[in-house]
Amino acid sequence: MSSNAIDFGSVGSLRESDPSRACKRFTGRVALLTAAARGLGFAAGLRLAAEGATVCITDRDESALGEAAALAKQAGLTVHTSVMNSSDADDTAASIRALCREHGSFDVLVNNAGGSLHTPYKFLDETDAHWNDVMQLNMMSAVWACRAVLPHMIERGGGRIVNFGSKAGRFGSLIAGANYAAAKGAMASLTRQLAMEYGSHGITVNCICPGIVMTDRTRGLWNQRRTPEERARIMDEIPLKRHCEVEDVAASVAFLASDDAAFITGITLDLNGGQAMA
């Protein structure tokens, strides 16, 4: 990690970080991150804030949002929070309208909402309800957020959209089921279609596909669904000999949301340490 990078891995490292040392690629820009009170989305939000963005994070967990704002403050940063259920179309539309009135149009949208919702791993154990819930959270949440934000980006003549896919959607999952893999695969396809349709408006749309990231939620599934021997073998098969970290994801989001990636659109960026190559 470079000397000016911010380590988002723990509360302690957040306290010790100096956001004034980060570059300021997002000064004057406003970013929205969905379902970002914890984990990958929160880390990405802090990275954008450290680089000068006005950051709005949404989540349906009001207490988690309060904790996120407090952690950001400890790091010398500010994030604006809003309760929003990304699995509900009407709530998403109303919440984003309210945020636009308060903070102005968004220059950056990060569709972070997602997860397997701890639905069964085996395909034949998954019900229609399991499929519906996972597709709503992982794919339709992005559809609804894009629908709310894109008209403003078109009016302003540009914008950046970063979608969260997954290694699961590209190469299959070791811990999440077919419903999750299918939803994340759909995210990559949605990304390419939106990139093609809105590129003429100066809007880039890209998708990041992390491998296993050891957040608290993922660590639990990893331990439940893979034996110690399997976990050791899988780690050994990763050329870089580690799992993806939240700061790896945050750095990738910041790059794709920045002007440094102005001529990159429609891609799926693999973050798996070489575990799967294409």
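Residues numbered from 1 in each chain as written. Predicted model: local features only at pLDDT ≥ 70, side-chain atom pairs only at ≥ 80, totals over all residues. Heavy atoms only, no water.

(A) Representation of the packing of helix α2 (residues 39–50) against helix α10 (residues 246–257) within the structure. The contact between α2 and α10 brings their axes to 8 Å, and the two run at 50 degrees. As far as their axial angle goes, α10 and α2 are oblique. Our pair here, α2 against α10, has a crossing hand that is right-handed. Within the contact between the two elements, α2 uses G39, L40, A43, A44, R47 and L48 and α10 uses V246, V249, A250, A251, V253 and A254. For the contact of α2 with α10, a count of residues per class yields ten nonpolar, one polar and one charged. (Axes fitted to C-alpha atoms, helices over the stretch in contact; angles between N-to-C directions. Helix = DSSP H or I, 4+ residues; strand = E, 2+ residues; numbered from the N terminus. Parallel < 35°, antiparallel > 145°, perpendicular 65-115°, else oblique. Left-handed = near helix turned anticlockwise from the far one by under 90°. Contact = heavy atoms within 4.5 Å. Nonpolar A, V, L, I, M, F, W, Y, C, P; charged D, E, K, R; others polar.)

(B) Summary view of the packing of aromatic side chains. Evaluated as defined, the whole model comprises one aromatic pair. Summarising the aromatic geometry, the rings of F123 and W131 are spaced 6.4 Å apart at their centres and angled 85 degrees between planes, so their arrangement reads as edge-to-face. Given the relative accessible area of 51%, F123 is considered exposed. (Phe/Tyr/Trp six-rings, centres within 6.5 Å; stacked < 30°, edge-to-face > 60°. Buried < 20%, exposed > 50% of the residue type's maximum accessible area, 1.4 Å probe, protein only.)

(C) Representation of the sheet that holds strand β4 (residues 108–111) in the model. Strand order in this open sheet of seven strands is β3-β2-β1-β4-β5-β6-β7, and the pairing throughout is parallel. Strands at the two margins of the open sheet, each flanked by one partner only, are β3 (79–83) and β7 (268–271). The mean inter-strand angle of the sheet, taken between neighbouring strand axes irrespective of direction, is 20 degrees. Inspection of the sheet shows strand β1 (residues 30–33) paired to β4 by three bridges, in the parallel sense. Pairing of L33 across the sheet is with V110, part of β4. (Pairing = 2+ DSSP bridges.)

(D) Fine view of the packing of helix α4 (residues 89–103) against helix α5 (residues 128–156). For the pair α4 and α5, interaxial distance at closest approach is 8 Å and the crossing angle is 30 degrees. Of the possible angle classes, the one that applies to α4 and α5 is roughly parallel. The element α4 and its partner α5 pack so that their crossing is right-handed. Residues A89, T92, I96 and C100 of α4 pack against W144, A145, A148, V149 and H152 of α5. Of the residues assigned to the contact of α4 with α5, the class counts are seven nonpolar, two polar and no charged.

(E) Region of interest: the confidence of the model for the chain. For the chain, the average pLDDT comes to 88, and 88% of its residues sit at 70 or higher. In this model residues 1–20 is a low-confidence stretch, pLDDT under 50, and it forms 35 contacts with partners more than four residues away in sequence or in other chains. (pLDDT = per-residue confidence, 0-100.)

(F) Here's a closer look at the pattern of salt bridges. With the rule as written, the count across this model stands at eleven salt bridges. The residue D259 makes a salt bridge to R29 at a minimum N-O spacing of 2.7 Å. Note that D259 is positioned in the loop between α10 and β7 and R29 in the loop between α1 (11–16) and β1, a separation of 230 residues in sequence. Overall, the relative accessible area of 44% leaves D259 in the partly exposed class. A salt bridge links D270 to R170, with the nearest nitrogen and oxygen atoms 2.7 Å apart. With D270 in strand β7 and R170 in helix α6 (residues 167–171), this pair connects stretches of sequence that are 100 residues apart. If you follow the salt bridges from partner to partner, you end up with R25, R47, E51 and D260 in one network. (Salt bridge = Lys/Arg side-chain N within 4 Å of Asp/Glu carboxyl O.)

(G) Local environment of α5. When the terminal C-alpha atoms of α5 are compared, their 40 Å separation across 29 residues agrees well with the 42 Å that a helix rising 1.5 Å per residue should span. Considering bend angle alone, the principal kink of α5 is centred on Q136 and spans about 40 degrees. Backbone geometry just after α5 places G157 at a positive phi near 85 degrees. (Expected span 1.5 Å × (residues − 1). Bend = angle between axes of the 7 residues up to and from the residue.)

(H) Representation of the environment of A262 in the model. Counting through the fold element by element, A262 comes out in the loop between α10 and β7. When its relative accessible area of 45% is taken as the criterion, A262 is described as partly exposed. Excluding its chain neighbours within four sequence positions, the residues that come into contact with A262 are R160 and T204.

(I) View of the environment of I161. With respect to the secondary-structure elements, I161 resides in strand β5 (residues 159–164). C-alpha separation for the pair I161 and V253, spaced 92 residues apart in sequence, amounts to 9.5 Å. Contact partners of I161, with chain neighbours within four places excluded, come to L109, N111, C146, L150, M153, I203, T204, V205 and N206.

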